[in-house]
Amino acid sequence: QQPVQSPQAVILREGEDAVINCSSSKALYSVHWYRQKHGEAPVFLMILLKGGEQKGHEKISASFNEKKQQSSLYLTASQLSYSGTYFCGTESANSGAGSYQLTFGKGTKLSVIP
Amino acid sequence: DGGITQSPKYLFRKEGQNVTLSCEQNLNHDAMYWYRQDPGQGLRLIYYSQIVNDFQKGDIAEGYSVSREKKESFPLTVTSAQKNPTAFYLCASSIVPGGYQPQHFGDGTRLSIL
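These numbers come from a predicted model, not from an experiment.

**A short note on the overall build of chain B**
Counting secondary structure elements, chain B contains 0 helices and 11 strands. Helices and strands appear in chain B in the N-to-C order β-β-β-β-β-β-β-β-β-β-β. Computed over the C-alpha atoms, the radius of gyration of chain B is 13 Å, within 12% of the 13 Å expected from 2.2 N^0.38 for a compact globule of 114 residues. Taken over the C-alpha atoms alone, chain B extends approximately 35 × 30 × 25 Å along its principal axes. Among the 114 residues that make up chain B, the fraction classed as buried is 50%. Counting contacts in chain B only where the partners sit at least 6 residues apart, residues at least 24 apart contribute 54% of the total. Carbon and sulfur atoms form 48% of the exposed surface of chain B, whose accessible area is close to 5,400 Å².

**Regarding the interface of chain A and chain B**
Think of interface size as the accessible area that goes away when the parts come together; that is how it is often given. Listed by partner, the interface residues are 23 residues for chain A and 25 residues for chain B. Surface buried jointly by chain A and chain B totals about 1,900 Å² across both partners, of which 57% is contributed by carbon and sulfur atoms. Counting across the chain A and chain B interface gives 0 salt bridges. In terms of residues, the side of chain A that touches chain B owes the most to one element, strand E4 (residues 28-36) of chain A, which gives 5 residues.

What counts, and at which threshold
- Residues numbered from 1 in each chain as written.
- Chains lettered and ligands numbered in written order.
- Predicted model: local features only at pLDDT ≥ 70, side-chain atom pairs only at ≥ 80, totals over all residues.
- Heavy atoms only, no water.
- Helix = DSSP H or I, 4+ residues; strand = E, 2+ residues; numbered from the N terminus.
- Rg over C-alpha atoms; globule rule 2.2 N^0.38 Å.
- Buried < 20%, exposed > 50% of the residue type's maximum accessible area, 1.4 Å probe, protein only.
- Contact = heavy atoms within 4.5 Å.
- Areas by Shrake-Rupley, 256 points an atom, 1.4 Å probe, with all protein chains shown as cover.
- Buried area = accessible area lost by both parts, 1.4 Å probe.
- Salt bridge = Lys/Arg side-chain N within 4 Å of Asp/Glu carboxyl O.

Pasting the structure below:
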């Protein structure tokens, strides 16, 4: 079952902040975040492991709430280069023995305008 | 530079025809994956391979086949049984299987029906 991402789309002006959420109905081992620009390959941003840790670098960070099976991606002081579609990918605890599948959400389209 | 190479970039299939999409990586990664991307649907897993000569079905394997005879190569065949093959196909790899390692993506193949 796909994780649910929200919002589906968001428009920001340069310098504004955004939060993208990813929720699963299953217990999670890990959450991945990727960004994809139109017609290009997804690019890895970060992985969060169960334990509620927060990771990030510069102005993009993320958190993982293991109890709620939720992760949030935080983009601060957005730049034009942040535009793209953001996907979360989740590895769930009951994907099956020996299963190493990531299940991706439908994506959140972020548009940053001048 | 190390990376994942997918070819061709664009592919057209006639009715009743099988076509093969190429995926080659020189990252020395053990695990490889094939995803299908449709507009607004995110990435859906077709097949994945954890090691040479081994592969498992993903969520939407019907109408597709794969092989993993070499560590570097993981070709995907779209068979005539796949009635709706028009999509963007992405190949990915990771150092080892599992959600604790990032996936690196190729630039994709866009498949259309003639």
